[in-house]
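# Structural features, examined
Here is how the chains run, residue by residue.
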Amino acid sequence: MRSRKASHRRVLRLLATLSLALPLGLSARAQEKGSVDPKPLPPLARPNDPATPAKELFGRATEPADLAARSIGFYSHGCLAGAKALPVDGETWQVMRVSRDRNWGHPNLIRFLERLSSHAPAEAGWPGILVGDISQPRGGPMITGHSSHQIGLDADIWLTPMPDRRLSRREREEMSAVNMVRQDGLDVDRLVWTRGQLAIIRAAAHDPVVERIFVNAAIKKALCRDTTGDRSWLNRVRPYYGHNYHFHVRIACPDGGAACQEQDPVPPGDGCNASLDWWFRDSILHPRLNPNAKPKPPITMANLPAECRQVLIAR
């Protein structure tokens, strides 16, 4: 109980540092439009300055490091060597927001996405899946959008099914996923939530490489209520702020990846208990943000694993 309360206090402290929006807005930012004519970022005046935020350096890398595939560091504090790109078009997937150039991941994650998408027709009755952000070509912190997704083992999958046609470039940059959560945040919107969303999350959770899946608490509530038969997979599905347009899949560190830092194991049980009820308190749904809270200083290269510098400069 003490560790659970401590975890909740940490989440509240995190919210206190946010200067923008309420929790549902965190997911809405993931729906920001891309560009059909993206422009390269301007060169940095002092790229070698130790104070330069690492996100500015990794955000300008346009190719993967020509090194053996390795996830280095922690999911929210690391980088990625030897990244592989998920092709923007597959038989059963399409990549969204192509202009962000965030369709890179560890080969294990790319194989997982290809595998999951192939199950979408039979499991969910969908033609395929729409894939959002994975990682940058060399991982690392991002200029916008995420604190995780740094080591190529996280991927956002839209809760909107892939249509049975190829989307245009403009559609990929500008169309929004569907918000699955009711306006009051207490449950899913039954006008858009279907067995298909449950089925695709369940299929992902059953994959042995998956470590966690993050969803909005209202979606977790619906999964708890609507799941029949085997419930073991619910253990991997964890409630978190935002995530009402997509679900976030996190896979485990690759075998033998000594540089990759594992996350603590998920608690036992299906998570459909008092710990879920906590997310529906008014103080959690509508937190009071501290207007005097100071944002955390940006991560610099000195804050990342030493190997990330080699990843950044590799040809």
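See the structure printed just above.
Residues numbered from 1 in each chain as written. Predicted model: local features only at pLDDT ≥ 70, side-chain atom pairs only at ≥ 80, totals over all residues. Heavy atoms only, no water.

Glancing now at the pattern of salt bridges. Per the stated rule, a full pass over the model turns up 19 salt bridges. Here D49 and R46 are joined by a salt bridge, their closest N and O atoms 3.7 Å apart. A relative accessible area of 30% means that D49 is categorised as partly exposed. Assessed through its relative accessible area of 57%, R46 is described here as exposed. Here R231 makes a salt bridge to D270, at a shortest N to O gap of 3.4 Å. In this pair, R231 is assigned in the loop between α7 (217–226) and β10 (237–239) and D270 in the loop between β11 (246–251) and α8 (274–277), connecting sequence segments 39 residues apart. Accessibility expressed as a relative area gives 27% for R231, which makes it partly exposed. Salt bridges linked by common partners bring D187, R190, R225 and D226 together as one network. (Salt bridge = Lys/Arg side-chain N within 4 Å of Asp/Glu carboxyl O. Buried < 20%, exposed > 50% of the residue type's maximum accessible area, 1.4 Å probe, protein only. Helix = DSSP H or I, 4+ residues; strand = E, 2+ residues; numbered from the N terminus.)

Turning next to empty space enclosed by the protein. One pass over the structure, following the stated rule, counts 2 cavities of 30 Å³ or more. Taken as a whole, the second largest cavity encloses approximately 40 Å³ of empty space. In this structure, the second largest cavity is lined by V95, M96, R97, V98, D101, R102, N103, G132 and D133. Of the residues that constitute the lining of the second largest cavity, the class distribution is 3 nonpolar, 2 polar and 4 charged. (1 Å grid on protein atoms, 1.4 Å probe; cavity = no way out; pocket = protein on both sides within 12 Å on 5 of 7 lines; lining within 4 Å. Points joined across faces, edges and corners; volume = space filled by probe spheres on them. Nonpolar A, V, L, I, M, F, W, Y, C, P; charged D, E, K, R; others polar.)

Such coordinate-based values are descriptive only and should not be taken to indicate function.
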